[in-house]
Every structure is written in structure tokens, then in C-alpha cells.
Amino acid sequence: MSEGALSQEAMLASLRDIRLPEAAAGGWPSDVAVAVGLASAAALIVALAARLISQQRLKPSTPTPREELDRALGLPEADRRIALLQFLRDRAPERYRALTRDLYSPDGAPDTRALEAEAAAHV
């Protein structure tokens with residue numbers, strides 16, 4: 001321990017003697033590596049920003065009732081029945097309720113041809 005407090009002049013004089021090293025640790029290869037890393041990060045940020053700006057925002061088009069019905073008719077039998085019921089649920093809820101009232105009873109599934117006719121009537 002020192003016997004007395006340092007004077008302000010002595011403290012400032014000691015600070016002037018502090019010198020940082022002339023070269024960074026690792027020398028010039030580390031400087032090059034840092035420069036390449038920073039340039040790569042900047043290029044990546046610019047590329048991502050350009051991609052976000054240049055992308056077109058397309059809204060998905062909603063299919064017309066005719067397109068929905070045509071897509072449903074192209075499905076296999078079991079899937080077609082479900083798709084037609086969903087079509088009627090969205091387009092004609094009262095007919096959907098009438099057709100599905102006995103859905104879970106034995107032999108209560110509506111006939112696919114009847115569903116197709118109902119769906120075609122609501123296009």
C-alpha cells in the first residue's frame with residue numbers, strides 16, 4: 001500500500017504512460033479475417049433485404065364454386081362424398097343438415113349421385 005493518496009498530477013502522468021500495442025493479437029491474418037467476416041455479413045444482409053423487397057406478394061385466389069365442384073368430382077368415391085358434403089356445408093347449410101341428419105345410422109350415408117346432384121344445383 002502507498003503511504004498517501006496520489007496527487008491528481010501524478011495520477012494523470014501515470015495514465016499518459018499507458019500504451020496500447022501497435023498490432024492486434026494475431027497480426028495481419030486476424031485483421032483480414034475480421035474484414036472478410038464483416039464484408040460477408042454485410043453482403044448477406046443486403047442480399048436478404050433485396051430478396052424481401054423484390055418478392056411479389058400474390059394473394060391466393062379463392063376457387064370458384066364450379067372449380068371446387070370439379071375438383072371434388074375428380075376424387076375417389078369416399079373422398080368425393082366427403083368433399084361434396086363439405087361443399088354443401090359451405091354453400092347450402094340447410095340441405096347439408098337435411099342430408100346429414102341420418103349420417104351415423106346404419107346405411108345412413110347419402111348416395112354419392114344424390115350429393116353430386118345437390119352440389120350441381122348450388123353452383
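As shown above, the structure is provided for reference.
As a starting point, this report considers the structure included with it.

Parameters at a glance
- Residues numbered from 1 in each chain as written.
- Predicted model: local features only at pLDDT ≥ 70, side-chain atom pairs only at ≥ 80, totals over all residues.
- Heavy atoms only, no water.
- Helix = DSSP H or I, 4+ residues; strand = E, 2+ residues; numbered from the N terminus.
- Rg over C-alpha atoms; globule rule 2.2 N^0.38 Å.
- Buried < 20%, exposed > 50% of the residue type's maximum accessible area, 1.4 Å probe, protein only.
- Contact = heavy atoms within 4.5 Å.
- Areas by Shrake-Rupley, 256 points an atom, 1.4 Å probe, with all protein chains shown as cover.
- Lys, Arg positive; Asp, Glu negative; His and termini not counted.
- Charge placed at Lys NZ, Arg CZ, Asp CG, Glu CD.
- Arc of directions from axis to C-beta.
- Axes fitted to C-alpha atoms, helices over the stretch in contact; angles between N-to-C directions.
- Left-handed = near helix turned anticlockwise from the far one by under 90°.
- Nonpolar A, V, L, I, M, F, W, Y, C, P; charged D, E, K, R; others polar.
- Core = buried A, V, L, I, M, F, W, Y, C linked by side-chain atoms within 4.5 Å.
- Polar contact = N/O pair within 3.5 Å; in protein donor to acceptor, adjacent residues only side chain to side chain.

### Considering the overall build of the protein chain
Inference 1: Within the protein chain, the regular secondary structure consists of 6 helices and 0 strands.
Inference 2: The secondary structure elements of the protein chain, listed N-terminal to C-terminal, are α-α-α-α-α-α.
Inference 3: The globule rule puts the C-alpha radius of gyration for 123 residues at 14 Å, and the 38 Å found for the protein chain is more than 25% above it.
Inference 4: Counting only C-alpha atoms, the protein chain reaches 105 × 40 × 25 Å along its principal axes.
Inference 5: Here the protein chain, with 123 residues, has 14% of them falling under the buried criterion.
Inference 6: The contacts in the protein chain between residues at least 6 apart in sequence include a share of 55% that link residues at least 24 apart.
Inference 7: Total accessible area on the protein chain stands at roughly 10200 Å², and carbon and sulfur atoms take up 60% of it.
Inference 8: Charge-centre separation for the protein chain: the mean point of 15 positive side chains lies 8 Å from the mean point of 17 negative side chains.

### Description of helix α6 (residues 112-121)
Inference 1: Along α6, the residues classified as buried are Thr-112, Leu-115, Glu-118 and Ala-119. All buried residues of α6 lie within an arc of 120 degrees about the axis, which places them on one face of the element. Counted as exposed and oriented over 90 degrees from the buried face of α6: Arg-113 and Ala-121.

### With respect to the packing of helix α4 (residues 77-91) against α6
Inference 1: One can describe the packing of α4 onto α6 by two numbers: an axis separation of 10 Å at closest approach and a directional angle of 35 degrees. Of the two possible hands of crossing, α4 and α6 adopt the one that is left-handed. Here Glu-77, Arg-80, Arg-81, Leu-84, Leu-85, Phe-87 and Leu-88 of α4 lie close against α6, whose contacting residues are Thr-112, Leu-115, Glu-116, Glu-118 and Ala-119.
Inference 2: Considering only residue class, the contact of α4 with α6 consists of 6 nonpolar, 1 polar and 5 charged.

### A word on the nonpolar core
Inference 1: Grouped together as the largest cluster of nonpolar side chains are 11 residues: Leu-69, Ala-72, Ala-83, Leu-84, Leu-85, Phe-87, Leu-88, Ala-92, Leu-99, Leu-115 and Ala-119.
Inference 2: Contributions of two or more residues to this core are made by α3 (65-73), α4 and α6.
Inference 3: If one sorts the elements of this core by residue count, α4 sits on top with 5 residues.
Inference 4: Once residues lying within four places of it in the same chain are set aside, the contact partners of Leu-115 are Arg-81, Leu-84, Leu-85, Leu-88, Leu-99 and Pro-110.

### Observations regarding the side chain of Arg-80
Inference 1: Tracing the chain through its elements places Arg-80 in helix α4.
Inference 2: By relative accessible area, which is 18% here, Arg-80 ends up buried.
Inference 3: Engagement of the side chain of Arg-80 in a polar contact is seen with the backbone oxygen of Leu-75, the distance being 3.3 Å.
Inference 4: With near-sequence residues (within four places) excluded, Arg-80 lies in contact with Ala-72, Leu-73, Leu-75, Thr-112 and Glu-116.

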